[in-house]
Amino acid sequence: MNIFALWDFVFFRNAALAAVLCGVGCSVIGVFIVCMRIPLIGVAMSHAALAGAVIALLTGLNPAWCAFGLAVACSLAIGPLADRSRMDPNISLGVIFSLMMGLAFLGIGLAPEPKNEMLGLVWGNILLLSHADLIRMAAVTAAGLLLIMLFYKEFRAVLFSRTLAAAVGIRERLVYYLLLVLCGATVTVNLDTVGGLMLFSMIVNPAAAAWQFTYRLGSMFVISAVLGVISAGSGILLSAAFDLPAGACVVICSSLIFGLSLALSPKRRSAAHGPRN
Amino acid sequence: MKPAVSLSGVGVALRHATILRGIDLTIGEGEFWSIAGPNGAGKSTLVRLLNGFIKPGAGQIQILGKPLGQWELVRLRRKIGYLPQNLAFDEGLPVSALEVILIGRTGRRGLLRRLTGEDYRVARGCAGELGISGLLERPLGTLSGGERQLVQLARALAQEPELLILDEPTSNLDPRAAAAFMETVERLQRDRGLTVINVTHEIASLPPGCASVALLKAGRLLAAGPKDGLLNRETLSALYGFPVSVEQRSGRFHLFPGGN
């Protein structure tokens, strides 16, 4: 298939633009998720969104807003739950993930047939996006980038050490919770547009690949965003050229880029010479 | 002398265990104090009280001119350069030494305000004062333990603090690096007129410039005052709960098991 001819189709242009937006938005947020080592947030938020959508369908509310609202509420709960229980945030993510999955399955069990609509609400397809979807993705990506610029110095301090951030007089809890909500909101908005498969790979792979190349947080954001766009773009082109599922192609491309980064990683090679004391 | 820190009858209980009780202590502005005692004496709890990480269960604390309860904690903490004990961080995290020092400017600058050229100038100046300008572009994870502590000290200085609190700053350093670190602290205290509170369980790590000590045992203040009068065989044997002998060499106190 001539992939240049596909550019004439609105659905393909929309998909390409969505891939770029998702590539930038998710891979930039992915830097925080990788640095905080909380990749489970992707799974937890997607199940919160699913539970929200199912509840909405059962109660007659707007599914998209309900999915977004419940996921953001859950991301708001991660930090306080971890702090109050004095446990790792991954533990609170595990608790939230299982609760949301339980609620979603309960709702699906109670719902009348057909049930595909419920699952479709949160497992989007990048080739079926509307202009409204693109505007929503662009708005969330822009808002995320703006927040990162506004709170960059605080986010950097909190990523380094929450204890130290608090000790120098940063409103560390506010910043940490804001960071978690930002991660949760980005995951949720991209989930019902590009789909979970592509989303999870775009969160972790570009940021993990960028980690291999730099010791500067600022550079890591830039490298991650570039690799995110390359992963998404190459995946969409591969999908168009060989008529393959788009999400799967993006996952494979981003994973290959991560593998290549690992092979070329200057950090890995310097670590092989042993840590300094 | 105006007090920088004053504690009166301070007690702390955490999870139904009494950690500190009846602490009365006054530390004047510009003084260099060490809080010494065996492990579990409550030393770290005492300094964590001062920057508001723990609330006192009893007594009054006056700090930097105001009762602790009247301070907005983030504003108080911006005035305290604090080196926590065994600061854990991810060694692979992509942050340079300069970025860590700039964390000291972050609280002062406040939310929604970008760091300025002045912040960078102060951060680089503090690094220069500690002789670590050559490390600024290096990732923190690649530095040695002694270098990391100097970066943390530069970060605390970048806050332009009125009070410097060091919680076991040399516990992970070899003797040479520990001595060099404490000499640096001593010089800073002298040159800047800083109030310094240094927590340690090693009497030998007290630098000659540290004039006063507070000895804590099992949550109680055993003794407090000028170092030279306090660090004797009887007091230190009582502090550690077994007989020790004390030798003073070049302004430093060395403890040996067994009393003569």
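Heads up: the structure comes first, above all this text.
In short, a report on the structure. (Residues numbered from 1 in each chain as written. Chains lettered and ligands numbered in written order. Predicted model: local features only at pLDDT ≥ 70, side-chain atom pairs only at ≥ 80, totals over all residues. Heavy atoms only, no water.)

### Some words on the interface of chain A and chain B
By convention, interface size is frequently given as the accessible area that disappears when the constituent parts associate. In plain terms, the rule: Contacts were defined at the residue level, with two residues in contact if any of their heavy atoms lie within 4.5 Å. Defined in terms of a 1.4 Å probe, buried area is the accessible area two parts forfeit on being brought together, summed over both. What counts as a salt bridge is simple: a side-chain nitrogen of Lys or Arg found within 4 Å of a carboxyl oxygen of Asp or Glu. Under the rule applied, a polar contact is a pair of N or O atoms within 3.5 Å (in protein, one hydrogen donor and one hydrogen acceptor; residues adjacent in sequence only if both atoms are side-chain atoms). Comment: elements are numbered from the N terminus, with helices defined as DSSP H or I runs of at least four residues and strands as E runs of at least two. Under this grouping Gly is polar, as are all residues other than the nonpolar Ala, Val, Leu, Ile, Met, Phe, Trp, Tyr, Cys and Pro and the charged Asp, Glu, Lys and Arg.
Listed per partner, the contact involves 32 residues of chain A and 43 residues of chain B. Between chain A and chain B lies a buried interface of about 3,200 Å² when both sides are counted; carbon and sulfur atoms form 62% of it. It is A:Lys153, A:Arg156 and A:Phe160 in chain A that bury the most area against chain B; as a group they hold 23% of the surface buried on that side. Here chain A and chain B share four salt bridges between them. Where A:Arg156 meets B:Glu99, a salt bridge forms, and the shortest distance between an N and an O atom there is 3.4 Å. Viewed at the interface, chain B and chain A are joined by nine residue pairs in polar contact (both at pLDDT 80 or more). Those elements that provide at least two residues to the side of chain A that touches chain B are α8 (152-160), α9 (162-167), α10 (172-194) and α12 (217-242) of chain A. With seven residues, α8(A) is the single largest residue contributor to the side of chain A that touches chain B. Among the residues making up the side of chain A that touches chain B, the classes are represented as 18 nonpolar, five polar and nine charged.

### Some words on helix α5 (residues 145-158) of chain B
In an α-helix there are 3.6 residues to a turn, and that puts residues three or four apart on one side. Residue and element names in this part refer to chain B. What counts, and what does not: Expected span of a helix: the number of residues minus one, times 1.5 Å. Only protein chains enter the calculation, and the probe is 1.4 Å; a residue is then buried if its accessible area is under 20% of its type maximum, exposed if over 50%, and partly exposed in between.
Counted at 1.5 Å a residue, the expected span for α5 with its 14 residues is 20 Å, and the 20 Å between its end C-alpha atoms agrees. Among the 14 residues of α5, 12 are classified as buried, and the element is accordingly described as predominantly covered. Within the span of α5, buried status applies to Gly146, Arg148, Gln149, Leu150, Val151, Gln152, Leu153, Ala154, Arg155, Ala156, Leu157 and Ala158. Following α5 by one or two positions, Glu160 adopts a phi angle in the positive range, close to 55°.

### A word on the state of the cysteines
Residues and elements named next belong to chain A. Filter applied, for reference: The criterion for a disulfide is a pair of cysteine sulfur atoms lying within 2.5 Å.
Applying the stated criterion across every chain, the model contains zero disulfides over all chains. The cysteine Cys22 is free of any disulfide, with Cys26 supplying the nearest cysteine sulfur at 3.7 Å. The cysteine Cys249 is free of any disulfide, with Cys253 supplying the nearest cysteine sulfur at 6.6 Å.

### Observations regarding a nonpolar patch on the surface
Convention followed: For patch detection, residues must exceed 30% relative accessible area and be free of salt bridges, and they are connected within 9 Å for like charges or within 5 Å for nonpolar side chains (Val, Leu, Ile, Met, Phe, Trp, Tyr). Note on areas: Shrake-Rupley, 1.4 Å probe, and residue coverage restricted to the protein chains presented here.
Among the surface-exposed residues, A:Leu145, A:Leu146, A:Met149, A:Leu150, A:Leu174, B:Leu111 and B:Leu112 lie close enough to one another that they form a single nonpolar patch of about 640 Å² accessible area. Considering every element that reaches the nonpolar patch, the biggest residue donor is helix α7 (residues 131-150) of chain A, with four residues. The residue A:Leu150 is located in helix α7 in this model.

### Quick look at the packing of aromatic side chains
To keep things clear, this is the line we draw: Side-chain rings of Phe, Tyr and Trp (the six-membered ring for Trp) are treated as a pair once their centres are within 6.5 Å; stacked means planes under 30 degrees apart, edge-to-face means over 60, and tilted covers the remaining angles. Charge over a ring is defined by NZ of Lys or CZ of Arg lying within 6 Å of the ring centre and within 35 degrees of the ring normal.
Applying the stated criterion across every chain, the model contains 10 aromatic pairs over all chains. Arranged with centres 5.2 Å apart and planes meeting at 70°, the rings of A:Phe32 and A:Phe155 form a pair that is edge-to-face. Of the two residues, A:Phe32 is situated in helix α2 (residues 10-36) and A:Phe155 in helix α8; the sequence distance between them amounts to 123 residues. A single burial state applies to A:Phe32 and to A:Phe155, both of which are buried. It is B:Lys66 that lies over the ring of B:Trp71; its NZ or CZ is 4.4 Å from the centre.

### Section: the sheet that holds strand β9 (residues 212-217) of chain B
Residue and element names in this part refer to chain B. As a reminder of what qualifies: DSSP calls a pair of strands paired once it identifies at least 2 bridges connecting them. The angle between two axes is taken between their N-to-C directions and runs from 0 to 180 degrees, where each axis is a line fitted to C-alpha atoms and a helix contributes only its stretch in contact.
Pairing within the open sheet is mixed, and its six strands lie in the order β6-β7-β8-β3-β9-β10. Two strands bound the open sheet, and with one partner strand each, they are β6 (80-83) and β10 (220-226). For this sheet the average axis-to-axis angle between neighbouring strands, irrespective of direction, equals 15°. Here four bridges tie β6 to strand β7 (residues 163-167), and the two strands are oriented parallel to one another. Along β7, the bridge assignment pairs Ile80 with Leu163.

### A look at the nonpolar core
Residue and element names in this part refer to chain A. Quick note on the threshold: Here, nonpolar core refers to any group of buried Ala, Val, Leu, Ile, Met, Phe, Trp, Tyr and Cys residues whose side-chain atoms link them within 4.5 Å.
Phe32 and Ile126 are the most contacted members of the largest nonpolar core, which has 118 residues in total. Tallying contributions element by element places α2 first for this core, with 16 residues. Setting aside residues no more than four positions away along its own chain, Ile126 makes contact with Ala15, Ala18, Ala19, Thr193, Val194, Met198, Ile236 and Ala246.

### Regarding the environment of B:Asp174
All names here are of chain B. Its place among the elements puts Asp174 in the loop between β7 and α6 (175-192). Between the alpha carbons of Asp174 and Arg249 there is a distance of 19 Å; along the sequence they are 75 residues apart. At 3.1 Å, the side chain of Asp174 forms a polar contact with the backbone nitrogen of Arg176.

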